[in-house]
Amino acid sequence: VAPMMDWTDNHYRTLARLISRHAWLYTEMVVAETIVHQKDKLDRFLAFPAEQHPIVLQIGGSNLDNLAKATELASGYAYDEINLNCGCPSGKVAGHGCFGARLMYDPEFVGDAMSAIAANCDVPVSVKCRIGVDDRDSYEELCTFVDKVVSKSPTRHFIIHARKALLSGLSPAENRKVPPLKYEYYYALLRDFPEVHFTLNGGLTTIEQVSASIRQGAHQVMVGRAAYNNPWNMLGHVDSEIYGMPTRCSSRRQILQSYQVYGDSIIGQYGISRPNVRQLVKPLLHLFHSEPGNSLWKRKADSTLRHCKTLAQFLEETLDAIPDSVLDAPVLMEPSGEQDYFAHVDSLLPPRYAKLANGSYESPVLVTASS
């Protein structure tokens, strides 16, 4: 599940883990300077329940010392991987902040940054990036970026958002839709860097598309907004369809009962209204996506949130809008006819990249998040 600012917080991740036991969860991006300057309040930014493993911390920044210090401070929280954001096109991040997708302009720095991050933790490290930025969007330039980072650091895992980023003229939302998807770049990386682990990201909205990409050879797949906007139907199939393991969740009623216990146990944990009921309810609002009663439930939620003091009270006053047949139904697979979604990608592959810095790479002991 992709790192998403204001979305993949502790509350959403708790809900996601109740639905899927095996999906890898990513935090929101935490800026390195925030960790360094708030080191006396780190639990607020970095603490998470042990049940959320496997979980990856994504950090952002462009100062080597702060990235190293932030990683050292975060290492005490036992994340399973540390990821550097090299893909966010937001003006606050890539513009004024001079990190995120803008870092793709400087693969030398990213290599140094990843080396510093790896030196300050004992877990795998990874980079999340686009396939290019602005007019630096050729396949060869993408390979040069990967090649340089791998040759300068222990990084052997890249999450590839298969769109380029345009740092001026487009909003972050438009940057997720306007630049065309080029899945062929991702699959060409698998061909040209066989010692490196690549996760595919961008444009995937159904579990059938995820399965199709893996059948085509994808190592792993990252899904963002589809996992947030429709968590039951996306994450509910992950354990069985992707990992071949029993599905953890039996019904949304069961999920809500477990989530309510979690939510009411942490209300006010970090002071008055930190968190509050509204913050805890936020990730629940898409749990009944496209189901009978969903619109009525959201209207009742809006009015109930104005006065309720606990999550138990919220659910008691709103859930009668959802039919029992929906609350108690198991997750169901609806065929979408997308089994061949990536069938023609091989015919689109760009020419091979032939300028590897070292010919091949030594794989460190800790290679990927899935090892």
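Analysis parameters
- Residues numbered from 1 in each chain as written.
- Predicted model: local features only at pLDDT ≥ 70, side-chain atom pairs only at ≥ 80, totals over all residues.
- Heavy atoms only, no water.
- Core = buried A, V, L, I, M, F, W, Y, C linked by side-chain atoms within 4.5 Å.
- Buried < 20%, exposed > 50% of the residue type's maximum accessible area, 1.4 Å probe, protein only.
- Contact = heavy atoms within 4.5 Å.
- Helix = DSSP H or I, 4+ residues; strand = E, 2+ residues; numbered from the N terminus.
- Pairing = 2+ DSSP bridges.
- Axes fitted to C-alpha atoms, helices over the stretch in contact; angles between N-to-C directions.
- Parallel < 35°, antiparallel > 145°, perpendicular 65-115°, else oblique.
- Left-handed = near helix turned anticlockwise from the far one by under 90°.
- Disulfide = S-S within 2.5 Å.
- Nonpolar A, V, L, I, M, F, W, Y, C, P; charged D, E, K, R; others polar.
- Phe/Tyr/Trp six-rings, centres within 6.5 Å; stacked < 30°, edge-to-face > 60°.
- UniProt positions renumbered as here; feature names shortened; annotations may be inferred.
- Domains from an automatic or database assignment.
- Buried area = accessible area lost by both parts, 1.4 Å probe.
- Salt bridge = Lys/Arg side-chain N within 4 Å of Asp/Glu carboxyl O.
- Polar contact = N/O pair within 3.5 Å; in protein donor to acceptor, adjacent residues only side chain to side chain.

Q: Give a description of the nonpolar core that names residues and reports values.
A: Within the largest apolar cluster, 63 residues are counted, with the highest numbers of intra-cluster contacts made by Leu84, Phe158 and Phe198. Not counting residues up to four positions away in its chain, the partners in contact with Leu84 are Ile59, Gly61, Leu67, Leu103, Val110, Ala113, Met114, Ile117, Ser126, Val127 and Lys128. Counting residues in each nonpolar core, the second largest holds 44 residues, with Met4, Leu280, Leu315 and Leu327 among its members.

Q: Which residues make up the pairing of strand β6 (residues 157–161), and what are the values?
A: Where burial is concerned, most of β6 is hidden: five out of the five residues are buried. Across the two faces of β6 the burial is the same, with His157, Ile159 and His161 and Phe158 and Ile160 all buried. In terms of strand pairing, β6 meets strand β7 (residues 197–201) through five bridges, oriented parallel. Each residue of the ladder has a partner; that of Ile159, found in β7, is Thr199.

Q: Now, about the packing of helix α16 (residues 294–304) against helix α17 (residues 311–318): what can you tell me, with residues and values included?
A: Interhelical geometry of α16 versus α17 gives an angle of 135° and a closest axis separation of 9 Å. As judged from the angle between their axes, α16 and α17 are oblique. Between α16 and α17 lies a crossing of right-handed hand. Seen from α16, the contacting residues are Trp297, Lys300, Ala301 and Thr304; seen from α17, they are Phe314, Glu317 and Thr318.

Q: Just give me the short version of the state of the cysteines, but keep the residues and values in it.
A: Applying the stated criterion to the full structure yields zero disulfides. Cys88 takes part in no disulfide bond, and the closest cysteine sulfur to it belongs to Cys86, at a distance of 11 Å. Since its relative accessible area comes to 19%, Cys88 is described here as buried.

Q: A description of the packing of helix α4 (residues 64–74) against helix α6 (residues 107–119) should follow, citing residues and the corresponding values.
A: Packed helices, taken two at a time, are described by the angle between their axes plus the distance between the axes. Two numbers describe how α4 lies on α6: the axes approach to 8 Å, and their chain directions differ by 30°. Classified by the angle their axes make, α4 and α6 are roughly parallel. Where α4 crosses over α6, the two elements pack in a sense that is right-handed. Residue-level inspection shows Leu64, Leu67, Ala68 and Thr71 of α4 in contact with α6, the latter providing Phe109, Asp112, Ala113, Ala116 and Ile117. Broken down by class, the residue content of the contact of α4 with α6 amounts to seven nonpolar, one polar and one charged.

Q: So what's going on with the packing of aromatic side chains? Residues and values would help.
A: One pass over the full model with this rule turns up 14 aromatic pairs. Centre to centre, the rings of Tyr341 and Phe342 are 5.1 Å apart; their planes meet at 75°, and the pair counts as edge-to-face. Given a relative accessible area of 37%, Tyr341 falls into the partly exposed group. Three or more aromatic residues link up through ring pairs in this structure, and these residues are Tyr183, Tyr186, Tyr187, Tyr341 and Phe342.

Q: Explain the UniProt feature "active site" (unreviewed entry) in the protein chain to me, using residue names and the numbers behind them.
A: UniProt feature "active site" (unreviewed entry): in the numbering of this structure it lies at Cys88. Note that Cys88 resides in the loop between β4 (81–86) and α5 (91–96).

Q: A description of unusual backbone geometry should follow, citing residues and the corresponding values.
A: The peptide bond linking His53 to Pro54 adopts the cis configuration, its omega dihedral lying at 0°. Looking at the element boundaries, Pro54 is found in the loop between α3 (42–46) and β3 (55–60). Not every positive phi belongs to a glycine, and Ala78 is a case in point at roughly 60°. Although it is not a glycine, Asp134 sits at a positive phi angle of roughly 50°. With respect to the element layout, Asp134 can be found in the loop between β5 (125–130) and α7 (139–152).

Q: Tell me about the domain arrangement of the protein chain, and name the residues and values.
A: Under the domain assignment used here, the protein chain contains domain 1 (10–243) and domain 2 (252–328). Contacts between domain 1 and domain 2 engage 15 residues on the former and 17 residues on the latter. For the pair domain 1 and domain 2, the summed buried area comes to about 1500 Å², and 67% of that belongs to carbon and sulfur atoms. Taken together, the connections running from domain 1 to domain 2 amount to zero salt bridges. On the surface where domain 1 and domain 2 come into contact, there are two residue pairs in polar contact (both at pLDDT 80 or more). Looking at the side of domain 1 that touches domain 2 residue by residue, the classes come out as eight nonpolar, five polar and two charged.

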